[in-house]
Amino acid sequence: MGTRKRGSIVTDDGVDIHYVEAGDGEVIVLLPGFSQSAAEFGKQLDGLSDSYRVLAVDHRGHGESGKPAYGYRISRLAADLRGFLLALDIRDATLLGHSLGCAVIWSYWDLYGSDRIKRLILVDQGPVAVEELVPGERPEQLGAIFTMEKALGVAAGLRGSQALETSRAVVGMLHTPELSDEDAEWLLQQNLLLPRECAATLHLDYCGNDWRDVLPRITVPTLVVGGAVSVISPDVAKGVAERIPGSVVRVFSAAERGSHLMFWENSELFNSVVSGFMEAGMVQ
């Protein structure tokens, strides 16, 4: 377990982006999901830093990063990631994105291609979030877990007097019932570090995107991870892998605590899967 260090970079529009770093060697950059924090990757910082240089990033507004009143769009988060890689002169990164973090990666690829990227690890995210964007298709196979009405309702809830209750409900969708109340409350408090108005804006932008055209253009080795009991259907991971040439897929079973937060609920196995892919391009 490497000693943790904290740092920050300043984006081209003046926002402090906080990160936590541990270990040496090949670089893995961890990108959290919607309203999640770098701190939620603590078990990866501990478990992977014996072999790799691991950096967990707080998106703008999230965790310990600056909280401006602007820039809560996937494309802006991708530009922040670009600034982060340039500022630290990281040239061959393995990007590991969880949930919305995958959308940030896809936006980065759309804008900057493979520059500074060696591998991708995409954890439990589909290319579409809203059913109405994929008429005539099975939305659950693309990760479309919202109707437009539900997506708008979540945003309204985050902006209104029920913001805490809405946030608690969102976090409750992410984990298995076996997660301790203490852990669930800690995860909620991490989510609340993103101001709720900003969370609503980002949620709406996230829901409006369709990344299907990006996936076939990915040209680096890619691992796609899903969970059998996740809010995202396990078919989504398989579908994403089918669209990315040469990628491999690993779905965590129910017995393996394959929730949306499998990296938290079964960190030892998750870290082992990541290490296997890093070393041999294979999964166990």
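What counts and how
- Residues numbered from 1 in each chain as written.
- Predicted model: local features only at pLDDT ≥ 70, side-chain atom pairs only at ≥ 80, totals over all residues.
- Heavy atoms only, no water.
- Pairing = 2+ DSSP bridges.
- Helix = DSSP H or I, 4+ residues; strand = E, 2+ residues; numbered from the N terminus.
- Axes fitted to C-alpha atoms, helices over the stretch in contact; angles between N-to-C directions.
- Core = buried A, V, L, I, M, F, W, Y, C linked by side-chain atoms within 4.5 Å.
- Buried < 20%, exposed > 50% of the residue type's maximum accessible area, 1.4 Å probe, protein only.
- Contact = heavy atoms within 4.5 Å.

Draft legend 1. Molecular detail of the sheet that holds strand 8 (residues 248-252). The 8 strands are arranged 1-2-4-3-5-6-7-8 in an open sheet whose pairing can be described as mixed. With partners counted over all chains shown, the strands left at the sheet margins are strand 1 (5-10) and strand 8, one partner each. Shown here is a sheet whose adjacent strand axes are inclined to one another by a mean of 20°, direction ignored. Pairing geometry for strand 5 (residues 93-98) and strand 6 (residues 117-123), over 6 bridges, is parallel. The residue bridging Ala93 from the neighbouring strand is Ile117, located in strand 6.

Draft legend 2. How the structure looks around the nonpolar core. Counting 57 residues, the largest nonpolar core has Val29, Leu81, Phe84, Trp106, Leu120 and Leu122 as its most contacted members. For this core, the element with the most residues is helix 3 (residues 100-112), which contributes 8 residues. Aside from chain neighbours lying at most four places away, what touches Val29 is Leu55, Val57, Leu81, Phe84, Leu85, Ile90, Ala93, Thr94, Leu95 and Leu96. The next biggest cluster of nonpolar side chains, apart from the first, holds 33 residues, and it includes Leu45, Tyr52, Ile121 and Leu269.

Draft legend 3. Representation of the pairing of strand 3 (residues 27-31). Burial of strand 3 is extensive: 5 of the 5 residues sit out of reach of the surface. Burial of the side chains of strand 3 extends over both faces: Val27, Val29 and Leu31 are buried on one face and Ile28 and Leu30 on the other. Looking at chain direction, strand 3 and strand 4 (residues 53-57) are connected through 4 bridges and run parallel. The residue of strand 4 that forms the bridge with Ile28 is Val54.

Honestly, it's all geometry; don't read function into it.
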